[in-house]
Amino acid sequence: MSFFDFWTEAIAIDLGTANTLIIHNDKVVVDSPSIVAIDQKSGKIIAVGKEANMMHGKTHKNIETVRPLKDGVIADFNASEQMIGQLIKSIPTLNKKFYSPALKMVICIPSGITEVEMRAVRESAERVNGKEVYLIHEPMAAAIGAGLPVEEASGNMVVDIGGGTSEIAILSLNGVVYSESVKIGGDKMDESITSWIRRNYGCVIGDSTAEKIKYTIGCATDDSEKLEMSITGRNLAEGIPETFTINSEQMFEAMKDPLYGIVRAIRNALELSPPELAADIAERGIVLTGGGALLRDLDKLISNSTGIPVIVAEDPLTCVARGGGQALEIMDKYNIDLLSSE
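Cut-offs and rules
Residues numbered from 1 in each chain as written. Predicted model: local features only at pLDDT ≥ 70, side-chain atom pairs only at ≥ 80, totals over all residues. Heavy atoms only, no water. Core = buried A, V, L, I, M, F, W, Y, C linked by side-chain atoms within 4.5 Å. Buried < 20%, exposed > 50% of the residue type's maximum accessible area, 1.4 Å probe, protein only. Helix = DSSP H or I, 4+ residues; strand = E, 2+ residues; numbered from the N terminus. Contact = heavy atoms within 4.5 Å. Pairing = 2+ DSSP bridges. Axes fitted to C-alpha atoms, helices over the stretch in contact; angles between N-to-C directions. Salt bridge = Lys/Arg side-chain N within 4 Å of Asp/Glu carboxyl O.

S.K.: How do you make sense of the nonpolar core when you look at a structure like this?
M.R.: Within soluble globular proteins, side chains that are nonpolar tend to cluster in buried spots. Residues Met-157, Ile-197, Ile-213, Leu-259, Ile-266, Ile-286 and Leu-298 are the most contacted members of the largest nonpolar core, which totals 45 residues. With eleven residues, the single largest contributor to this core is helix α8 (residues 248-272). The residues contacting Met-157, other than those within four sequence positions of it, are Leu-148, Ile-168, Ala-169, Ile-170, Ile-266, Ala-269, Leu-270, Ile-281, Gly-285, Ile-286 and Val-287. Counting residues in each nonpolar core, the second largest holds 30 residues, with Val-48, Leu-69, Met-105 and Val-133 among its members.

S.K.: Can you walk me through the sheet that holds strand β18 (residues 310-312) in this structure?
M.R.: Each strand in a sheet pairs with its neighbour through backbone hydrogen bonds, running either in the same direction (parallel) or in the opposite one (antiparallel). The mixed open sheet is built from five strands, whose spatial order is β13-β12-β11-β17-β18. The open sheet is flanked by β13 (175-182) and β18, the only strands paired with a single partner. Averaged over all pairs of adjacent strands, the angle between their axes in this sheet comes to 20°, without regard to strand direction. Pairing between strand β12 (residues 166-172) and β13: seven bridges, direction antiparallel.

S.K.: Can you help me understand the pattern of salt bridges in this one?
M.R.: One side chain can pair with another of opposite charge once the charged atoms of both are near each other. Applying the stated criterion across every chain, the model contains six salt bridges. A salt bridge links Lys-214 to Asp-190; the shortest N-O distance between them is 3.0 Å. Of this pair, Lys-214 sits in helix α7 (residues 207-217) while Asp-190 sits in helix α6 (residues 186-201), and the two are 24 residues apart along the sequence. Across the pair, exposure class does not vary: Lys-214 and Asp-190 are buried alike. Ionic pairing is found between Lys-300 and Asp-223, a salt bridge with its closest N-O pair at 3.4 Å. Placement of the pair is Lys-300 in helix α10 (residues 298-306) and Asp-223 in the loop between α7 and β15 (228-235), with a sequence separation of 77 residues. The exposed category is assigned to Asp-223, whose relative accessible area is 51%.

Structure, rendered in structure tokens:
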């Protein structure tokens, strides 16, 4: 270890459309919604993360809440940079130090990201004290975080369902054999619920309500246990609040299109995989990671559609971030290049 290594701290960032997670010393030190609140008059960021999320949908005209990432990539560079900077400053283990350490960052990115977008992510990280900035594709990070033996000469399939995208990948020998990034994730499911309620009940609900519905009574099959939930929306015709009851059968109907879109992408990946790796996957199963993996009976839907066992990873929400944190160690151990620094 050089003298300068003493002043450097390594962190891994899962920069997600819905949530941003930061790993430091093998622990999740930040788990925050990817959202900022901006003062429209001054253009300054007045809140980030959970505080900004509490303002979402409840602001006046002088304050706007913005999600800097869309479909897994940065849509608002200034807001994302400030959000990352504020979240890094909130890390307790770094704030306790008497100096401001240089940062060795591993940032998890979608497999479908362009070179221009990769450069923008790296430059944003460098401006928030990133001394060394490495990028790793989310499917590889998810597989590592889920404990898959990616270094072996055998097929591993991971499906990482995030807020903006679903990443489907087949991995072997520390490399990606096949990957596809489809712009279908938790946000599309929320939008489908909002649209369905608008069409069938003539009411408007907010993003937070749609997400709550998804995780409370949402399901991925028509034979899932039937659950009910009372919600309140604004009646479009009368303009007043209205409370009504919905059930899980209705929510499956509402989310069918994005769910089947994910299934089609998985089947396509299986059809294009080399026969030997496909045989390994049929034996080992498909591993689900990401927040979308928590949707009730999604594993059952995918298994029924593919005929292959499906396993939900332990703590699927943090798999990508944890895998990013482990990637540097693996790279050093096997002397391989899992990461990109160019």
